[in-house]
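# Reading the structure
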Amino acid sequence: MGKKKKQQPQHGKPEGTSARGKDARHRHKGKSLEAFTEEMHDALQACVEGDGAKEETQFRLPCPLAMWELGHCDPNRCTGRKLVRKGLVRTLRLNQRFNGLILSPMGTKYVSPLDREIVAQSGVAVIDCSWAKLEETPFSKMKGTHPRLLPYLVAANPVNYGRPCKLSCVEAFAATFCIVGFRDLAVILLRKFKWGKVFLDLNQTLLEGYAACQSEEELLMVEREFLAAKPEEEDIDPFDVDSGRACSNPNRPRWADEEEEESDSEEEESDEGEEGGPEGEQEVPPQKEGEDEKEGSDEEEEGKLSCAAPSADAIWKGAKKKNRR
């Protein structure tokens, strides 16, 4: 009486085993970078091997990809929706939380190689909204602990080709993977689009520079140095005759101008050759009657050939003489 009975562990398990097992599960929940890299290479290999197959090969990415979809974009052009249809990205509801890296204008930090562990463990999410409707986008309802901004990059998608920072969803995913050091994942996603490789080619220097940085400050320095060295592009109107600039016709190939210059030089040489005498006439040596008949027949044959198949030089010369008239 008065003594509290010692509670026996259930099912014959020693006391404290359940707590230790829970801790062990938490310890093994995180994936090592070695295992992540191996899964990434396997996914890329499966993607490449499935190119020639009639049915698309199903493979699993080593980290989750997600997207808040707001319906601003054309469904046929939206790269994010295409990735969802391929089973590579899942959609999120408003107010649904995402624990990985979130690419959002509300971020205060930039994506850097320091985010490598976050991406490997929890993945990446993007916001599928129109650049023209940013003010209408409820960014506060897209919750997460790691909002990030992307540094300066140039878009390669058909809608915003060549425009800085106007990236599509797949380009945002690919840029993040390249910066944190998982380039194979970027290749997997971009292979789903015909123009995907162009994005890597356009931004090769920047992506390699960002991936080599050890901190966010170094990354921003790489961005500043690139923008400082980038020449300013002037808006030149090729049809402005008062600008004083020699502009080529965008509807005419360059080799056409070169052939026209060559024809001009040939005409000048022939004109100089005709001006032989003091009054611009040359003395013609007397010829025999047989020779005159022979030359006449040769000229007729040459005339027939020239009418049948005029050369490119004759075409350019004739066009120029016609314009001069």
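Our structure's up above, just so we're on the same page.
An account of the accompanying structure is given in this report. (Residues numbered from 1 in each chain as written. Predicted model: local features only at pLDDT ≥ 70, side-chain atom pairs only at ≥ 80, totals over all residues. Heavy atoms only, no water.)

## Considering the overall build of the protein
- Scanning the protein for helices and strands turns up 12 helices and six strands.
- Put simply, the protein has 325 residues, and 30% of those count as buried.
- Long-range contacts, defined as pairs at least 24 residues apart, comprise 71% of the intrachain contacts of the protein with a sequence gap of at least 6.
- Here the protein has roughly 23000 Å² of accessible surface; of this, 49% comes from carbon and sulfur atoms. (Helix = DSSP H or I, 4+ residues; strand = E, 2+ residues; numbered from the N terminus. Buried < 20%, exposed > 50% of the residue type's maximum accessible area, 1.4 Å probe, protein only. Contact = heavy atoms within 4.5 Å. Areas by Shrake-Rupley, 256 points an atom, 1.4 Å probe, with all protein chains shown as cover.)

## Some points on helix α8 (residues 204-211)
- Of the positions making up α8, those classed as buried are L206, L207, G209 and Y210. Buried positions in α8, seen along its axis, are confined to an arc of 165° and lie on one side of it. Structural note: α8 exposes T205 and E208 on the side pointing more than 90 degrees away from its buried face.
- Residues of α8 that are buried make contact with α5 (169-180), α7 (196-202) and α9 (216-229). (Arc of directions from axis to C-beta.)

## A short note on the environment of Y152
- For Y152, the location among the structural elements is in the loop between β6 (144-149) and α5.
- Given the relative accessible area of 11%, Y152 is considered buried.
- Sequence separation of Y152 and P164 is 12 residues, and the distance between their C-alpha atoms is 6.7 Å.
- Not counting the four nearest positions on each side in its chain, Y152 is found in contact with P164, C165, L206, Y210, E223, F226, L227 and K230.

## Describing the packing of aromatic side chains
- This model, assessed by the stated rule, comprises three aromatic pairs.
- On the numbers, 4.4 Å between centres and 40° between planes, the contact of F36 with F182 is tilted. On the criterion of sequence distance, the pair formed by F36 in helix α2 (residues 33-49) and F182 in the loop between α5 and α6 (183-190) is long-range, its members being 146 residues apart. As far as the burial class goes, F36 and F182 line up, both buried.
- Lying across the ring of F193, K82 places its NZ or CZ 4.6 Å from the centre. (Phe/Tyr/Trp six-rings, centres within 6.5 Å; stacked < 30°, edge-to-face > 60°. Lys NZ or Arg CZ within 6 Å of the ring centre and 35° of its normal.)

## Some remarks on the environment of S32
- Position of S32 relative to the elements: it lies in the loop between α1 (17-29) and α2.
- Among the residues examined, S32 registers a relative accessible area of 38% and is labelled partly exposed.
- In this structure the C-alpha to C-alpha distance between S32 and A120, which are 88 residues apart in sequence, comes to 8.3 Å.

## So, the sheet that holds strand β4 (residues 109-110)
- The six strands lie next to each other as β2-β1-β5-β3-β6-β4, forming an open sheet whose pairing is parallel. A single partner strand is all that each edge strand has here, and the edge strands are β2 (90-92) and β4.
- With five bridges joining them, strand β1 (residues 65-69) and strand β5 (residues 124-128) adopt parallel strand pairing. The residue bridging E69 from the neighbouring strand is D128, located in β5. (Pairing = 2+ DSSP bridges.)

## Points about the nonpolar core
- In terms of nonpolar packing, the biggest core is built from 54 residues, with L65, F173, F177, F182, L185, L189 and F199 touching the most fellow members.
- Per-element accounting of this core gives the leading share, 10 residues, to α5.
- One finds L92, A125, I127 and M142 within the second-largest nonpolar core, a separate group that totals 10 residues. (Core = buried A, V, L, I, M, F, W, Y, C linked by side-chain atoms within 4.5 Å.)

## Quick notes on the state of the cysteines
- Evaluation of the coordinates by the stated rule reveals zero disulfides.
- The closest cysteine sulfur to the non-disulfide-bonded C169 is located on C78, 5.1 Å from its own sulfur.
- Look at C169 and you get buried, because its relative accessible area is 8%. (Disulfide = S-S within 2.5 Å.)

## Here's the deal with a nonpolar patch on the surface
- Together, Y161, V198 and L202 make up an exposed nonpolar region whose accessible area comes to about 270 Å².
- Relative to the helices and strands, Y161 is located in the loop between β6 and α5. (Patch = residues over 30% accessible without salt bridge, like charges linked within 9 Å, V, L, I, M, F, W, Y side chains within 5 Å. Salt bridge = Lys/Arg side-chain N within 4 Å of Asp/Glu carboxyl O.)

## Description of the packing of α2 against α6
- At a closest axis distance of 9 Å, the pairing of α2 and α6 adopts a crossing angle of 25°. In this view, α2 runs roughly parallel relative to α6, as classed from their interaxial angle. Here the hand of the crossing between α2 and α6 comes out left-handed. Contact residues: F36, M40, H41, A43, L44 and C47 in α2; D184, L185, V187 and I188 in α6.
- Of the residues belonging to the contact of α2 with α6, the class tally is eight nonpolar, one polar and one charged. (Axes fitted to C-alpha atoms, helices over the stretch in contact; angles between N-to-C directions. Parallel < 35°, antiparallel > 145°, perpendicular 65-115°, else oblique. Left-handed = near helix turned anticlockwise from the far one by under 90°. Nonpolar A, V, L, I, M, F, W, Y, C, P; charged D, E, K, R; others polar.)

## A word on the pairing of β6
- Note: strand β3 (residues 98-103) against β6, four bridges, orientation parallel. Across the sheet, F98 pairs through a bridge with G144, a residue of β6.
- Alignment of β4 against β6, held across two bridges, turns out to be parallel. Paired with K109 across the strands is R148, a residue of β6.

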